[in-house]
Amino acid sequence: MRKRMRLVLVMLAMLLTLNLGSVAQASSAATPFSSHRWRHPEVTYVYNTKSTYYRSIYQKAIKAWNKTGDFKFVAGTAKSHDIVLTTSTATTGKYNMLAGITFTKADSVGYFTSATVKLLRKNLATYKYSKSDRVHVAEHELGHVIGLQHSSNSHSVMMANNRYNAIAGVDKSAVAKRDLMPVGKSSLSAQ
Ligand SMILES: [Zn+2]
C-alpha cells in the first residue's frame with residue numbers, strides 16, 4: 001500500500017553566503033531554532049557524490065554533530081534514507097556567492113521529511129576555502145538540516161557567512177532544546 005504524504009516545501013534557500021571578509025559582530029545570542037524539526041533526533045544519510053574528498057568533508061561534519069550527543073546522522077541505504085549529501089558546480093542564480101545550500105521538506109504538521117545539502121565546490125575553490133573551512137560550511141548546512149537558523153552570535157557555526165567557526169556551545173544547546181520548540185507554528189522564509 002502506498003501512502004502519499006503531502007509535502008510542503010518549506011525552505012528553498014537556507015543560504016550560507018561566502019565570507020568575503022566582513023567583520024563579525026560580537027554577540028552571545030542563543031542560536032535560533034526553526035519551527036520545523038525531525039520527529040526524532042536521528043536521520044539517515046546517503047551521498048550523491050563519488051568525490052572521496054567531499055565525502056570526507058561531510059564525514060568530519062557528521063562526526064562533529066554526532067559528538068555533541070544531541071543529534072545523530074547515521075548512514076542510510078539507497079532505498080531508505082532521510083537526507084542526501086552532494087555537491088554542485090553551480091555559481092549563478094540562487095547559488096551566486098554561496099558556499100553551501102540546504103533544501104528541506106516538511107509534512108503539513110511541520111516535521112521534516114527529507115533534505116538535500118549541496119556544497120558548492122566551484123565557489124569554494126574560487127574563494128580558496130581550506131579543507132577545514134569547507135568542514136565548517138558542511139557543519140553549518142547540517143545545522144540547517146537539524147532545524148537551526150542563522151545566528152548573529154560571532155561564535156556560532158550558524159552565522160550567515162560562517163567560514164571559520166566550528167559547532168559552538170550555543171549551537172549545541174539550541175539542538176539539545178529542540179524538543180521544547182513548537183512545531184509548525186510559523187512558516188519559514190528564505191534566510
Ligand atoms: Zn545558512
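Criteria and cut-off values
- Residues numbered from 1 in each chain as written.
- Predicted model: local features only at pLDDT ≥ 70, side-chain atom pairs only at ≥ 80, totals over all residues.
- Heavy atoms only, no water.
- Pairing = 2+ DSSP bridges.
- Helix = DSSP H or I, 4+ residues; strand = E, 2+ residues; numbered from the N terminus.
- Right-handed = clockwise from strand over helix to strand, strands pointing away.
- Contact = heavy atoms within 4.5 Å.
- Expected span 1.5 Å × (residues − 1).
- Buried < 20%, exposed > 50% of the residue type's maximum accessible area, 1.4 Å probe, protein only.
- Polar contact = N/O pair within 3.5 Å; in protein donor to acceptor, adjacent residues only side chain to side chain.
- Salt bridge = Lys/Arg side-chain N within 4 Å of Asp/Glu carboxyl O.
- Core = buried A, V, L, I, M, F, W, Y, C linked by side-chain atoms within 4.5 Å.

## Describing the pairing of strand β6 (residues 112–120)
For strand β4 (residues 83–88) and β6, the ladder comprises six bridges, and the chain directions are parallel. Of the residues in β6, the one forming a bridge with I83 is A115. In this structure, strand β5 (residues 98–106) lies alongside β6, joined through seven bridges in antiparallel fashion. In the sheet register, K105 faces β6, and the bridge partner there is S114. Count of turn residues in the β5/β6 antiparallel hairpin: five residues, of which G110 carries a positive phi of about 125°.

## Quick look at the pairing of strand β3 (residues 72–75)
Pairing analysis gives four bridges linking strand β2 (residues 42–47) to β3, with the strands arranged parallel. Bridging across to β3, T44 finds its partner in V74. What joins β2 to β3 is helix α1 (residues 52–68), and the crossover it makes is right-handed.

## Focus on the environment of K131
Relative to the helices and strands, K131 is located in helix α3 (residues 131–146). Along the primary structure K131 and I57 are separated by 74 residues, whereas in three dimensions their C-alpha atoms are 7.4 Å apart. Residues contacting K131, with those up to four places away along its chain left out, are Y53, S56, I57 and K60.

## A few points about α3
For α3, which comprises 16 residues, the first-to-last C-alpha distance of 23 Å matches the rise-based estimate of 22 Å (1.5 Å per residue) to within 8%. Summarising burial for α3: 14 of the 16 residues are buried, a large majority. Immediately beyond the C-terminal end of α3, within one or two residues, lies G147, with a positive phi of roughly 130°.

## Points about the side chain of S151
Structurally, the position occupied by S151 is in the loop between α3 and α4 (169–176). A distance of 2.9 Å separates a polar side-chain atom of S151 from the backbone nitrogen of N153. If sequence neighbours within four positions are ignored, S151 has contacts with A29, A30, T31, P32, S156, M158, M159 and A160.

## Digging into the pattern of salt bridges
Evaluation of the coordinates by the stated rule reveals five salt bridges. Residue D179 is joined to R37 by a salt bridge in which the shortest nitrogen-to-oxygen separation is 3.9 Å. You can see D179 sitting in the segment after α4 and its partner R37 sitting in the loop between β1 (8–17) and β2, a full 142 residues away along the chain. On the basis of relative accessibility, which here comes to 9%, the residue R37 falls in the buried class. One network of salt bridges, with partners in common, ties together R37, R178 and D179.

## Observations regarding unusual backbone geometry
Notably, M97 is not glycine yet its phi reads approximately 65°, a positive angle. As for its position among the elements, M97 is in the loop between β4 and β5. Accessibility expressed as a relative area gives 30% for M97, which makes it partly exposed. Not every positive phi belongs to a glycine, and K128 is a case in point at roughly 55°. Positionally, K128 belongs in the loop between α2 (121–126) and α3.

## Examining the nonpolar core
Judged by nonpolar contacts, the single largest core of 34 residues is most densely connected at F73, I83, L85 and L142. Taken together, the elements giving at least two residues each to this core come down to β2, α1, β4, β5, β6, α3 and α4. Apart from residues lying up to four places away in sequence, F73 is in contact with V43, Y45, I62, W65, N66, I83, L142, V145 and I146. Core analysis: the next-biggest nonpolar cluster, separate from the first, contains five residues, Y95, L98, F103 and L120 among them.

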